Amino acid sequence: MNGNINKRIAALFSFCLLFMVVHGQVAIHGSVSTEGKALGGVRIDLRRDSDNKMLAYTFSDGQGKYHVQTAQSGPFTLLFKALSFKPVSLSITPTQADTLIDVQLSAGGVEQLQEVIVHSKGPYRRGRDTIELAVKSFL
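Keep in mind it's a predicted model, so treat the numbers as computed, not measured. (Residues numbered from 1 in each chain as written. Predicted model: local features only at pLDDT ≥ 70, side-chain atom pairs only at ≥ 80, totals over all residues. Heavy atoms only, no water.)

Student: Can you break down the nonpolar core residue by residue, with the values?
Tutor: Core analysis: the largest hydrophobic core is formed by 19 residues, its most contacted members being Ile28, Val32, Tyr66, Leu78, Phe80, Ile101 and Leu105. Looking at this core, the elements that each hand over two or more residues are strand E1 (26–34), strand E3 (43–48), strand E5 (65–70), strand E6 (76–81) and strand E7 (88–92). Setting aside residues up to four positions removed in sequence, Ile101 forms contacts with Ile28, His29, Gly30, Ser31, Tyr66, Leu78, Leu90 and Ile92. (Core = buried A, V, L, I, M, F, W, Y, C linked by side-chain atoms within 4.5 Å. Buried < 20%, exposed > 50% of the residue type's maximum accessible area, 1.4 Å probe, protein only. Helix = DSSP H or I, 4+ residues; strand = E, 2+ residues; numbered from the N terminus. Contact = heavy atoms within 4.5 Å.)

See the structure below:
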């Protein structure tokens with residue numbers, strides 16, 4: 001009989017602990033689209049308003065869906081960025097553990113990169129009568 005009471009107390013304690021852990025999580029999810037079409041590959045940053053510290057980030061999938069989660073609470077900023085779209089910044093204060101936010105992005109950001117410069121070192125250097133190898137480049 002004493003064993004049954006201990007099992008019940010342990011089960012009750014585990015249930016309360018699980019409820020406290022789940023209650024502390026804030027989950028934000030939704031979809032990103034443009035002109036009615038789902039938009040994949042959008043970076044979503046979750047930042048704290050007070051000090052602009054990044055708490056979490058994710059990318060939208062092929063259907064434009066995203067899901068970001070944090071254990072922090074308070075006012076947040078959600079920042080949506082994608083190449084060739086204007087960035088969108090939303091200030092939110094989630095009042096429940098599961099928050100749905102759908103976003104529409106509009107075209108207009110950077111359309112084309114100006115230039116890309118690549119500086120590389122070759123794996124070897126050739127002198128008049130010698131060849132010097134950079135061993136690091138062959139590892």
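Picking up after the structure, the text goes on.
Student: Please give an account of the confidence of the model for the protein chain that cites residues and values.
Tutor: With 80% of its residues at a pLDDT of 70 or more, the protein chain has an overall mean of 82. Taken element by element, the predicted model of the protein chain shows its lowest mean pLDDT in helix H1 (residues 2–23) (56) and its highest in E3 (93). pLDDT under 50 marks residues 17–22. Its contacts with residues more than four places away, or in other chains, come to zero contacts. (pLDDT = per-residue confidence, 0-100.)

Student: Run through the sheet that holds E7, naming residues and quoting values.
Tutor: Strand order in the open sheet formed by four strands is E4-E3-E6-E7, and the pairing between neighbours is antiparallel. Because the sheet does not close on itself, it has two edges, and the strands there are strand E4 (54–59) and E7. This sheet shows a mean twist of 15° between the axes of neighbouring strands, independent of strand direction. Strand direction decides the pairing type here: E3 and E4, joined by five bridges, are antiparallel. Looking across to E4, one finds that Ile44 is bridged to Thr58. (Pairing = 2+ DSSP bridges. Axes fitted to C-alpha atoms, helices over the stretch in contact; angles between N-to-C directions.)

Student: Please give an account of the pairing of E5 that cites residues and values.
Tutor: Alternating positions in E5 separate cleanly, Tyr66, Val68 and Thr70 being buried on one face and Lys65, His67 and Gln69 remaining unburied on the opposite face. Pairing between E1 and E5: six bridges, direction antiparallel. Bridge assignment links Gly30 to a residue of E5, and that residue is Tyr66.

Student: Explain unusual backbone geometry to me, and be specific about the residues and the numbers.
Tutor: Excluding glycine, residues mostly have negative phi values, and the peptide bonds linking residues are mostly trans. Phi is positive for Asn52, close to 60°, though the residue is something other than glycine. Tracing the backbone through its elements, the reader meets Asn52 in the loop between E3 and E4. For Ser84, which is not glycine, the phi torsion reads 70° and is therefore positive. Locating Ser84 in the fold gives a position in the loop between E6 and E7.

Student: Lay out the environment of Pro123 in plain terms, naming residues and giving numbers.
Tutor: Along the chain, Pro123 falls in the loop between strand E9 (103–104) and strand E10 (124–126). With relative accessibility at 33%, the residue Pro123 sits in the partly exposed group. A sequence separation of twelve residues divides Pro123 from Val135, and the C-alpha atoms of the two residues are 7.6 Å apart. Dropping the residues within four chain positions of it, Pro123 is found in contact with Glu132, Leu133, Ala134, Ser137 and Phe138.

Student: Talk me through the packing of aromatic side chains; I want residue IDs and the actual numbers.
Tutor: Counting across every chain of the model gives two aromatic pairs. When the centroid spacing of 6.2 Å and the interplanar angle of 90° are considered together, the rings of Tyr57 and Phe59 count as edge-to-face. An angle of 75° between the planes, with centres 5.6 Å apart, marks the rings of Tyr66 and Phe80 as edge-to-face. In this pair, Tyr66 is assigned in strand E5 and Phe80 in strand E6, connecting sequence segments 14 residues apart. Residue Tyr66 is classed as buried on the basis of its relative accessible area, which comes to 4%. The class of Phe80 is buried, set by a relative accessible area of 0%. Lying across the ring of Tyr57, Arg43 places its NZ or CZ 4.5 Å from the centre. (Phe/Tyr/Trp six-rings, centres within 6.5 Å; stacked < 30°, edge-to-face > 60°. Lys NZ or Arg CZ within 6 Å of the ring centre and 35° of its normal.)

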